Every structure is written in C-alpha cells, then in structure tokens.
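Chain by chain, the residues run as shown.
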Amino acid sequence: MEAVSASEEKWLANLSHAIRRRNVLFVLPYEGIMTALAGMQATFPIAGNTKSQQAQKGRKTPICTPVRDRRKHKKVIQPREAGSGGGRGRGKLQARQMEAVSASEEKWLANLSHAIWRRNALFVLPYEGIMTALAGMQATCASQRKEIDTLRNQRGELSRKLQSGAHTSASNSKYVTDLESKARDLEAQQRKWVGDARVIIDAQKEKKTLQDQVKAMLDEMQGLRADNTRLADIEKQHSALLEEAAAMRADLTQLRLDYDKNLADKKTMADENIHLMESALVSKKVQADRMNEILDLEKCVKDLREKLKSVNTGQDMASNDSFVDNPAAASSYASNQQEQTRAFSQPPAKLARKLEHCHQRDVSSIRFSSSGAVFATGSSDKVVRLWDTKTLSEKAQLRSAVSSIIRVDFSPTDDVIVAATSDGSAVVWSTQTHRHLFSLCGHNSKITGLAFDDDRTLLTCSNDRTIRRWDLHRSGACTKTTMCWSTCTDLASGGCSLICSAHYDGGLRFWDTRTVTSVEELKGAHPQAVASVTFSSCGNKVLSVSKDGVAKYWDIRNYSALFKLDFKDFETMHSLHKATLSPDDNFLAVGLSAYDAPNAIQIYDTRARPKLRSTLKGGHSSQISQVAWSGEGNLLVSADLDGSVCAWTS
C-alpha cells in the first residue's frame, strides 16, 4: 500500500507539472489578445439602428461601396473617386460610412467576444493566469474607451465642419484615406486576433483531451485501488485458508494416528473374537453334549418306568403309543398307506386320524421331510415332535429349545432339522441321532421364517428387520446380514439361489441367496401384512396369504398375479397361518374359521379358474393354525391352537 501511494503521488506531481507547462506555453501568451479584445469591445460598442438614422437624414448613396473579399469573405470599403460629389455631401456620406463600418465591426466583434467569453467560462476561467489577463484587458479597455470618447468628439467636430463647409474635398479625401488605412489596420489586427482565438480554441481542445485523460487515469487509479483492496481481501482469505489447512493437516495427522490405533485395536478385537467364537463353539458343543446326556437319561428313566409298569401290570406297552388314541385305527391306517400305490390325482376328502392334544400348547408349524417319511410339528410348548408318516406314531421328541417354537424345517438331504424360536435363536438337531448339534444366535428378536437354499446354507428372517445367512458346515457361522425396510414375517425357498420374503408392509421381496441382495420387489402386493409365502414345486409360482383373508397366486417370471382368492366369508385367520400347495401344484389348501363352517379346511383347484373343490370339516375343535401337504400328495396334515393334529386322506 505504501508503494502504491508513492507511485500515485509521483504520477500526480508529473501531471500537475505538465498542466502548468501547457498553461505557460498556450494560455499566458494570450493575455494581450484578451486585453485587445476587451479594448475593441469597449471601443466599438453596439450602437442603435444606423439604417433608421440614415433614412431619417434622407441620404441614399454612401461615399464608400462595400465589396466582398474573395479570400476571407469579409466586407471591405473601397473609396469612390474624388470628384464624384460635393463637399457638404461628402462629409455626411463619410459620417454615415463610419457609422456603417462601426456597426458591422461592433456586431462581429460582439459575436466573437461572446463566443470567446463563453468558451472562457467553460475552460479558461479555472486558471488564475487567465483571470489576471482578463483583469489587465479590462483596464486596457477603460483606457481605450477614453480614446474612443476623444475620437467621437473629434468626429463630431469634423461632422460640424463638414456641415459648415469649412473643409475642402481634398482634406476630406485625405481624411477618408486615413480612415480606410485605419480600417485595414483594424482588419489585419482582427485577422490576427481570429488566428489567436483559433489557437486558444485548439489549446482548449487539447486541454479538454488532457482532462479526459486525467479523468480516465483517475478512474483507472480508482480501479487499481479497488483491485488492491480485493487483493488484500484475497490475501486475508489465503492466510485464513493456510491456517485452516494447517489445522486440517494436524487433524489428519491425529486421525491417522487414531486410524492406526483403531487398526491395531481391530486386529486385537478380531483375534479376541476368533478366540471367543472358538470358545463359544466349544461351549455350544459341551452344552449340546450335556443336553443329549440329559435326554438320554430321561429316555432311560422313561424306559425303566415303562418296564416297571409292565412288570406290575403284566402288560407290555410300547413307548411310541403314548399319543395314539386308537391302536386298531393306527394299524388300519398303516395298512391302507402300504396299499396306496396309485399316483396322486384326487385331493384328501376324509379324516384318517386325529392326534388329540399331542402338544400341550398351540401348534405353530408343520413340515414334511424331503423324503416324505417323517413330518415335524413345532409348538409353543418348546418341543419339536417327529412323526412317522405311515403309522402317524411319534418317533422322537426334541427338547433343547428354551423358548416357544415359531417355525421348523428339514434340510434338503434330511440330515438336520432346524427350529426357529421366539428368543431370536435357531436350534439345530440331527435327524439320525436326534441330538442337539448347535444353536444359531444373532437375531435380536424372534425368528419368523426359515428357508434352506442348499444342504449347507440356511436363511432366517426376524422381527429385527434382518435376513441372515448361516453356514451349517461351520457350526452355524453367520456369513451375511442384510437389513430390510419392513419387518419380515416369512421366508420360502424356490431353488436356484432364489428366496421370497413376506413383509409386514404387505410387500413381497425376492432375494439372491448368494449375495442376499434384493432382485425384485412387489410393493403393495397385499393391503395388509402378509402372513405366509410358499413356492410351488416347479419354482416359478408363489402363493401368498395376508392377514385380511386374501390369497394371491403369483407368476414370478413376469411378477404378475395369476388369480386372487378372497375368503370374505371367514372371520378369523391365525397370524402365523401358512397355506400350502399340493406337490403337483393343482390344489391349494387353507384352514379357516366361519360361522357356518367353523374350523374347516378348504381345498381349491388352481387349474384354469380357481374354484372350491372340497371342504374338510369335523376334525378340529379350535382355530386351525397350520396346514401341510406330504410329498406324495396323498396325505394332508393340519393342526390347531389346542395342540391337536389331524391327518386327511383321499
């Protein structure tokens, strides 16, 4: 800023010196011209109307005839010959000639003086030298006015002499010649003054140009000052940015240190996690062994009690008949099952057998094995029971669960069976030894659905809005967790790495099990929450049932609804109810409750237009919760809220 101020002061000093120099060269030399102009203005004032005076005097012919100079375009006075008029007439004509010359010169000088004074008022007056010159010119004009008064007096005397005839024509001619010479001198002086006035005008123009240049330079200087101000602001911002960058570098250094520390902590925690996982797996194995020992002891105690009872009563009772109401009906049902060799073509139409209160509480899930030889029932009494499909006799009880069982499912190879519980864990048993293998822990709320993708991969969904993928060959390690926008209520596997999830918002979502990512979403598939979802045996159709009593059959090749069933005549439906399809996908079974047909199972023909094929009644005394179809298609199993299970055949 100090350097900029010094340069500006130097520039202004140079400019002032140039202006003073130009004033000395162009303005001050014209003081005499301005003084002379003022004197001429005082000497030749604007007189009255000379033509009217000539008319009053009655004179018609002037002494001198005005002609036009071709070079300057000015009127000049040429004298006439000496002997052209009388003496008295010549004196009067000379007086009128002088008045005409004075009037024209006064008018021209007045116009010139007016123009010069107007330009002086605009450009010259700001300078003291010009004003001083004007004062001198005014003083000169005063002295010349006195001379003019003297000349006027002399002219009056001459006029009187001419009128009296005192002067001769020769003296008049000489006087006229003197006047003409004075007029020529005045014209020369006038031309000189005109040239000087033009020089003054050029100087004024150059002055105006210089003023414009000064104004432009001042504007430029003002712009430079604004640029300098902006540059100062930019420098301040730059300094602030540098300080901020330094602070950010310090923060980055600290973050790097924290990152390195977090990496070290992460590595330590990963090692601790691996150690804890190994310890957990060991503890799970120990817990499973202890549970299996307890189950073995309970079985031994039960066998001992049965033997003791048979010794006391003399009767040998089989342990597997504790839940059989009618042994004769069981043997008859087994023989009928062995005789049925024809292919499945008709849906079940009659009740084959009812297992009264085989569970202490409501049955929440029914699932057939892949071979169809065994089916499992899970209940809120924390027990999973395995049943022989042919004899409907109990094969085993799985009691390792510590909370209510929501869903059960077999692996594709029937090696293990998994039960989802309400505490967020899934319990895995061996179907060969019926021993507890391990538990899958990771969900924060109850598990609402199970689906096997293959013999190794299991997927579960929960009320915590997550879908988890488990590796059963790694003792149930969780390999992937995916968040959902809505609570997942059920899962179903369609093979080919595709599963379908039902949600509380009424939507259906399809997932790729390899990455657990959504591949398609059917928003608003149902107006209310979807209770269950089931894949067809061919894998390209899906059956969904909502809590408002509406079932829809979907074609997933174009994700469109094939038909819709509205069970508006039925008033209730269990929240975990799961409808089922026959193995050939030709029939649909669903358990409902109504006023005129309480606790009935309706079977619909899904071919062409869906229509009601049959209604199964009389098996259940409470609301039906689950329905499942065997792999052969000749057996339909249903369960209710009283813990009873019914078997239906054709």
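Caption draft 1: Here's a closer look at the overall build of the protein. Across its full length, the protein carries 7 helices and 30 strands. Within the protein, the fraction of its 650 residues that count as buried is 41%. Here the analysis covers contacts within the protein between residues at least 6 apart in sequence; of these, 50% occur between residues at least 24 apart.

Caption draft 2: Broad picture of the packing of aromatic side chains. All chains considered together, the criterion is met by 4 aromatic pairs. Taking the centre distance of 6.5 Å and the plane angle of 15° together, the rings of Phe375 and Trp387 count as stacked. Of the two residues, Phe375 is situated in strand β5 (residues 374–379) and Trp387 in strand β6 (residues 384–388); the sequence distance between them amounts to 12 residues. In this structure, Phe375 and Trp387 share a single accessibility class: buried. Plain terms: the ring middles of Phe510 and Tyr559 are 5.2 Å apart, the flat faces sit at 65° to each other, and that makes the pair edge-to-face. Here the residue Phe510 occupies a position in strand β18 (residues 508–512), and Tyr559 occupies one in the loop between β22 (550–555) and β23 (560–566), the gap between them amounting to 49 residues. Given the relative accessible area of 0%, Phe510 is considered buried. An aromatic cluster is built from Phe368, Phe375 and Trp387, whose rings are joined through pairwise contacts.

Caption draft 3: Quick peek at the pairing of strand β16 (residues 488–495). With 6 bridges joining them, β16 and strand β17 (residues 498–503) adopt antiparallel strand pairing. From the neighbouring strand, Cys488 faces β17, where its bridge partner is His503. Between the antiparallel neighbours β16 and β17 lie 2 residues, among them Cys496 with a positive phi of about 55°.

Caption draft 4: Structural context of the pairing of strand β14 (residues 466–471). In terms of residue burial, β14 counts as a mostly covered element, since 6 of its 6 residues are buried. What you see with β14 is no split at all: Thr466, Arg468 and Trp470 on one side and Ile467, Arg469 and Asp471 on the other are buried throughout. Bridge count for strand β13 (residues 457–462) against β14 is 5 bridges, and the pairing is antiparallel. Its bridge partner being in β14, Thr457 is matched across the sheet by Asp471. The pairing of β14 with strand β15 (residues 477–483) spans 6 bridges and is antiparallel. Among the inter-strand pairings, Arg469 is bridged to a residue of β15, identified as Lys480. With antiparallel pairing between neighbouring strands as the criterion, β14 and β15 make up a hairpin whose turn holds 5 residues, including Ser475 at a positive phi of roughly 60°.

Caption draft 5: Quick look at the sheet that holds β22. Taken in spatial order, the 4 strands make up an open sheet running β20-β21-β22-β23, and their pairing is antiparallel. One side of each edge strand has no neighbouring strand; the edge strands of this open sheet are β20 (530–535) and β23. Geometrically, the sheet is characterised by an average inter-axis angle of 20° between neighbouring strands, direction not taken into account. Bridge count for strand β21 (residues 541–546) against β22 is 5 bridges, and the pairing is antiparallel. Counterpart to Ser544 in the pairing with β22 is Lys552.

Caption draft 6: Up close: the confidence of the model for the protein. The pLDDT averaged across the protein works out to 76; a share of 72% of its residues lies at or above 70. Here residues 46–86 is a poorly scored stretch, pLDDT under 50, and it has 57 contacts once near neighbours within four places are set aside; other chains count.

Caption draft 7: Broad picture of the side chain of Asp453. Checked against the element boundaries, Asp453 lands in the loop between β12 (447–452) and β13. Of the side chains with opposite charge, Arg514 comes closest to the buried, unpaired Asp453, at an N-O distance of 7.3 Å. In terms of polar contacts, Asp453 uses its side chain to reach the side chain of Thr513, at 3.0 Å. Dropping the residues within four chain positions of it, Asp453 is found in contact with Leu459, Ser493, Ser497, Leu498 and Thr513.

Caption draft 8: Molecular detail of the sheet that holds β16. An order of β16-β17-β18-β19 is seen for the 4 strands of this open sheet, with the pairing classed as antiparallel. Looking at strand neighbours, the two that pair on one side only are β16 and β19 (517–522), the edges of this open sheet. Between one strand axis and the next, the sheet turns by 25° as a mean value, whatever way the strands run. As defined by bridge partners, β18 adjoins β19 across 5 bridges and the pair is classed as antiparallel. Each residue of the ladder has a partner; that of Trp511, found in β19, is Ser518.

Caption draft 9: Up close: unusual backbone geometry. The backbone of Leu392 shows a phi angle near 55°, a positive value even though the residue is not glycine. Relative to the elements of secondary structure, Leu392 occurs in the loop between β6 and β7 (394–398). A residue is classified by how much of its surface remains accessible, and Leu392, at 2% relative accessible area, is buried. Of note in the backbone geometry, Asp585 takes a positive phi value of approximately 65° without being a glycine. Mapped onto the fold, Asp585 is located in the loop between β24 (580–581) and β25 (587–592).

Caption draft 10: A look at the pattern of salt bridges. Scanning the entire structure with this criterion turns up 12 salt bridges. Of the charged contacts, one joins Asp505 and Arg509 as a salt bridge, the two residues approaching to 3.1 Å between their closest N and O atoms. Take Arg509: its relative accessible area is 5%, and that puts it in the buried class. Beyond isolated ion pairs, a larger network of salt bridges with shared partners links Asp505, Arg509 and Glu521.

Caption draft 11: The arrangement of the environment of Lys611 in detail. Note on placement: Lys611 falls in strand β27 (residues 611–616). For Lys611, a relative accessible area of 53% gives the class exposed. Once the C-alpha coordinates of Lys611 and Phe587 are considered, the two residues, 24 residues apart in sequence, prove to be 9.8 Å apart. The contact partners of Lys611, leaving out residues within four places of it in the chain, are Ile603, Tyr604 and Asp605.

Scoring rules and cut-offs
Residues numbered from 1 in each chain as written. Predicted model: local features only at pLDDT ≥ 70, side-chain atom pairs only at ≥ 80, totals over all residues. Heavy atoms only, no water. Helix = DSSP H or I, 4+ residues; strand = E, 2+ residues; numbered from the N terminus. Buried < 20%, exposed > 50% of the residue type's maximum accessible area, 1.4 Å probe, protein only. Contact = heavy atoms within 4.5 Å. Phe/Tyr/Trp six-rings, centres within 6.5 Å; stacked < 30°, edge-to-face > 60°. Pairing = 2+ DSSP bridges. Axes fitted to C-alpha atoms, helices over the stretch in contact; angles between N-to-C directions. pLDDT = per-residue confidence, 0-100. Lys, Arg positive; Asp, Glu negative; His and termini not counted. Salt bridge = Lys/Arg side-chain N within 4 Å of Asp/Glu carboxyl O. Polar contact = N/O pair within 3.5 Å; in protein donor to acceptor, adjacent residues only side chain to side chain.

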